[in-house]
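Analysis of the macromolecular model
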Amino acid sequence: MMAKKRFFPVVLGVCALGLAACGSGEASSGVSIEDPNALSVEEIEKKATEEGKIDSVGMPDTWANWDETWQELNEKYGLEHVDTDMSSAEEISKMETEGENATADIGDVGISFGPIAEEKEVTLPYKTSHWDEIPEWAKDDNGDWVVGYQGTIAFVTDKEQVENTPTSWQDLLEGDYIVNMGDVQTGTQDQMAVLAAALAFGGDETNLQPGLDFFAELAKQDRLSTASNNDVAGMEKGEMEVGIMWDFNALGYANQVDPERFEVTIPEEASVVSGYATIINKHSKNPHAAMLAREYILSDEGQINLAKGYARPIREDVELPKEVEENMVPAEQYENAVPVEDNEAWEETAKELPRQWQSEVLSHVQ
């Protein structure tokens with residue numbers, strides 16, 4: 001996946017009609033949906049089957065086991081699927097630019113991009129039948145965005161190239177290997193890595209300077225790589241010695257290459273837990289298929305599929321199969337992993353982070 005995408009709101013309540021919520025949207029296919037949340041699941045299934053397809057952005061097969069979800073939606077409802085991989089910022093830009101000429105029905109963005117998509121008025125609000133089982137921080141008031149799964153910033157180490165596996169941010173600073181990062185200017189995964197490093201060295205959502213200083217020091221040592229090697233291909237070719245990414249990506253990529261070759265660890269001092277949210281395109285040509293996809297993602301089956309891709313489900317009431325749970329990073333490593341506490345502050349600092357990263361970190365990259 002490209003350097004993907006990012007906690008917020010208070011739930012105001014659930015409408016009595018159908019699957020919940022209040023809101024309206026209009027699809028460019030000519031289907032006017034006055035209140036998406038007034039539709040029953042059965043109605044959505046019927047209309048989605050008639051649409052027969054769904055085009056997603058930022059939801060590729062190799063990311064959080066989306067492949068199995070798309071397969072099951074195809075088997076159950078006959079939905080043909082195509083994805084175009086891109087970052088959160090690119091997804092929203094695409095929906096905004098295309099407008100009524102939409103080619104995307106649904107996207108998966110970092111949680112901090114959910115409010116941005118809503119603000120730009122590119123979203124179709126829809127609350128699923130599992131709305132009350134989703135934590136308040138993981139959904140907005142109208143259903144314009146909702147988190148489907150969680151991730152925690154982790155290190156993944158190629159043991160064939162690195163003798164001592166780093167387990168802390170301090171280990172990274174004192175190592176002699178290259179540390180790989182994605183694009184902090186467009187992706188939540190990498191922005192959260194900066195926040196996690198800031199927390200480790202005394203910062204917080206209002207003060208990212210310790211995190212920026214940390215990566216600037218790596219850059220000055222000529223040990224920071226921002227090349228696009230934090231993926232399966234890069235890992236397989238040995239182009240990544242130590243990468244910083246979500247735990248589910250680290251585990252998933254390592255499993256595809258060679259699970260014995262790589263070790264995934266959650267940094268000891270601090271890490272950040274965040275989530276990824278679905279956004280449904282306001283101008284979707286297949287709006288019911290998009291709503292059905294969100295419904296399925298938050299179902300027990302959909303949540304288990306994500307867990308098979310090493311992503312922790314957002315619904316805590318879902319019971320994972322033992323063999324799935326055993327493939328996760330040991331729970332004790334998450335002791336110092338925390339969600340964003342000051343969402344408003346993070347929203348503001350995240351806006352400034354791309355500029356700061358460019359001037360304070362990338363300026364030192366050789």
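On a predicted model such as this, the values are computed, not experimentally measured, just so you know.

**A short note on the overall build of the chain**
- Across its full length, the chain carries 13 helices and 13 strands.
- Taken along the three principal axes of its C-alpha coordinates, the chain extends 60 × 40 × 35 Å.
- Counting only carbon and sulfur atoms, one obtains 43% of the accessible surface of the chain, whose full area is about 14400 Å².
- Counting 25 positive and 74 negative side-chain charges, the chain places the centres of these two groups 4 Å from one another.

**A word on the environment of Val 324**
- Following the sequence through the fold, Val 324 ends up in helix H12 (residues 322-325).
- Judged by relative accessible area, Val 324 falls into the buried class, the value being 8%.
- Linking Val 324 and Asn 255, residues 69 residues apart in sequence, is a C-alpha distance of 13 Å.
- When near neighbours in sequence (up to four residues on either side) are disregarded, Val 324 contacts Ala 307 and Lys 308.

**Focus on the side chain of Asp 140**
- As for its placement among the helices and strands, Asp 140 is situated in the loop between helix H4 (113-119) and strand E6 (146-158).
- Notably, Asp 140 is buried but unbridged: the nearest opposite-charge side chain belongs to Arg 294, and the N-O separation is 6.5 Å.

**Side note on unusual backbone geometry**
- Of note, the phi angle at Asn 65 is positive, near 60°, even though the residue is not glycine.
- The topology assignment puts Asn 65 in the loop between strand E3 (53-57) and helix H2 (66-77).
- Positive phi values are uncommon outside glycine, yet Tyr 310 reaches one of about 70°.
- The residue Tyr 310 is located in the loop between helix H11 (300-308) and strand E12 (312-313) in this model.

**Regarding a negative patch on the surface**
- A surface patch of negative charge is lined by Glu 319, Glu 323, Glu 325 and Glu 326.
- Secondary-structure assignment places Glu 326 in the loop between H12 and strand E13 (337-339).
- Given the relative accessible area of 54%, Glu 326 is considered exposed.

**Remarks on the pattern of salt bridges**
- Scanning the model with the defined rule gives 12 salt bridges in all.
- Between Asp 55 and Lys 53 there is a salt bridge whose closest N-O contact spans 3.5 Å.
- Given a relative accessible area of 16%, Asp 55 falls into the buried group.
- In this structure, Asp 300 engages Arg 315 in a salt bridge whose closest nitrogen and oxygen atoms are separated by 2.9 Å. Of this pair, Asp 300 sits in helix H11 while Arg 315 sits in the loop between E12 and H12, and the two are 15 residues apart along the sequence.
- Sharing partners across several salt bridges, the network here consists of Glu 133, Asp 300, Arg 315 and Asp 317.

Cut-offs used in this document
- Residues numbered from 1 in each chain as written.
- Predicted model: local features only at pLDDT ≥ 70, side-chain atom pairs only at ≥ 80, totals over all residues.
- Heavy atoms only, no water.
- Helix = DSSP H or I, 4+ residues; strand = E, 2+ residues; numbered from the N terminus.
- Areas by Shrake-Rupley, 256 points an atom, 1.4 Å probe, with all protein chains shown as cover.
- Lys, Arg positive; Asp, Glu negative; His and termini not counted.
- Charge placed at Lys NZ, Arg CZ, Asp CG, Glu CD.
- Buried < 20%, exposed > 50% of the residue type's maximum accessible area, 1.4 Å probe, protein only.
- Contact = heavy atoms within 4.5 Å.
- Salt bridge = Lys/Arg side-chain N within 4 Å of Asp/Glu carboxyl O.
- Patch = residues over 30% accessible without salt bridge, like charges linked within 9 Å, V, L, I, M, F, W, Y side chains within 5 Å.

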